[in-house]
Amino acid sequence: MVEIAPSILAADFAHLGRDVKAVERAGVSMIHVDVMDGHFVPNITIGPPVVRSLRKATDLLLDCHLMIENPDLYIPQFAVSGARMISVHQEACPHLDRTIQLIKDNGAAAGVVLNPATPVHTLSTILGAVDFVLVMSVNPGFGGQKFIDYALEKIRELDRMRRERRFSYRIEIDGGVSEDNVGEIASAGCDIIVAGSSIFGRDDPAAAVAGLLRKVEEQAFLRA
Ligand code: DX5
Ligand code: ZN
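Below, the structure is looked at part by part. Since we're looking at a predicted model, the values are computed, not measured. (Residues numbered from 1 in each chain as written. Chains lettered and ligands numbered in written order. Predicted model: local features only at pLDDT ≥ 70, side-chain atom pairs only at ≥ 80, totals over all residues. Heavy atoms only, no water.)

1. Considering the pairing of strand S6 (residues 132-136)
Inference 1: The buried fraction of S6 is high, at five of five residues.
Inference 2: Because side chains alternate across S6, one face comprises the buried residues Phe132, Leu134 and Met136, and the other comprises Val133 and Val135, equally buried.
Inference 3: Here strand S5 (residues 109-114) pairs with S6 via four bridges, running parallel. Looking at the pairing, valine 113 lines up with leucine 134 of S6.
Inference 4: Sheet topology places S6 next to strand S7 (residues 170-174); five bridges connect them, and they run parallel. Of the residues in S7, the one forming a bridge with valine 135 is isoleucine 173.
Inference 5: Assessed by its sense of winding, the connection that carries the chain from S6 through helix H5 (residues 151-164) to S7 is right-handed. (Buried < 20%, exposed > 50% of the residue type's maximum accessible area, 1.4 Å probe, protein only. Helix = DSSP H or I, 4+ residues; strand = E, 2+ residues; numbered from the N terminus. Pairing = 2+ DSSP bridges. Right-handed = clockwise from strand over helix to strand, strands pointing away.)

See below:
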């Protein structure tokens, strides 16, 4: 089943609880939380205290996307604060196997993220150990950017590889998702679709989620 994960990066940080409730009503099961450190990416967002507050404000699963250097230093804090999915960038982790293990040891699902220019084959040896792979379809750091089309081929490749090698990781995409491309993304084999500005940039975030899910269903119907 394809899921939509609203990214709070595009929400109103002064009213996070209210904005999260709005997408809860749309029936989503998770919230995507973008953590940026001003080093790995040229932007700064939030840390464990905000995750802790979100945990109190909602029962939705918190998917923390760490766009930070030295994630090993902070993974335990994010897990204890309530992150149930934690992903780290391949490009930021020289000891990726150890980092993935650390996430699991802290009780969260472990994901690895690929920047647009990083090829899928760089993950070939770790794929059996991860719970999910996140494919960036924009260069990380900011919301509201244009979808990079070649990310679709990376989704197809990851989908092919998990069938051939009988892996069970889920595939997530992040960046530039809209009603115009969400159907194609789902049919490429994606399971979790992150969307920020196309949800929280709208007057009615719940209606925006419903609109994205409708496009996913239409595409599935066309393929059947
Ligand atoms: C970008 C973040 C994304 C961002 C997506 O670095 O990782 O999660 O919120 O925003 P949109 O959907 O607006 O491209
Ligand atoms: Zn993200």
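2. Some remarks on a negative patch on the surface
Inference 1: A cluster of acidic residues, Glu179, Asp180, Glu217 and Glu218, forms a negative patch on the protein surface.
Inference 2: Assessed through its relative accessible area of 30%, glutamate 179 is described here as partly exposed. (Patch = residues over 30% accessible without salt bridge, like charges linked within 9 Å, V, L, I, M, F, W, Y side chains within 5 Å. Areas by Shrake-Rupley, 256 points an atom, 1.4 Å probe, with all protein chains shown as cover. Salt bridge = Lys/Arg side-chain N within 4 Å of Asp/Glu carboxyl O. Lys, Arg positive; Asp, Glu negative; His and termini not counted. Charge placed at Lys NZ, Arg CZ, Asp CG, Glu CD.)

3. A word on unusual backbone geometry
With glycine set apart, most residues show a phi of negative sign, and most peptide bonds adopt trans.
Inference 1: For asparagine 70, which is not glycine, the phi torsion reads 50 degrees and is therefore positive.
Inference 2: Locating asparagine 70 in the fold gives a position in the loop between strand S3 (61-67) and helix H3 (75-81).
Inference 3: For arginine 166, which is not a glycine, the phi torsion comes out positive at approximately 55 degrees.
Inference 4: Residue position: arginine 166 is located in the loop between H5 and S7.
Inference 5: Judged by relative accessible area, which is 77%, arginine 166 ranks as exposed.

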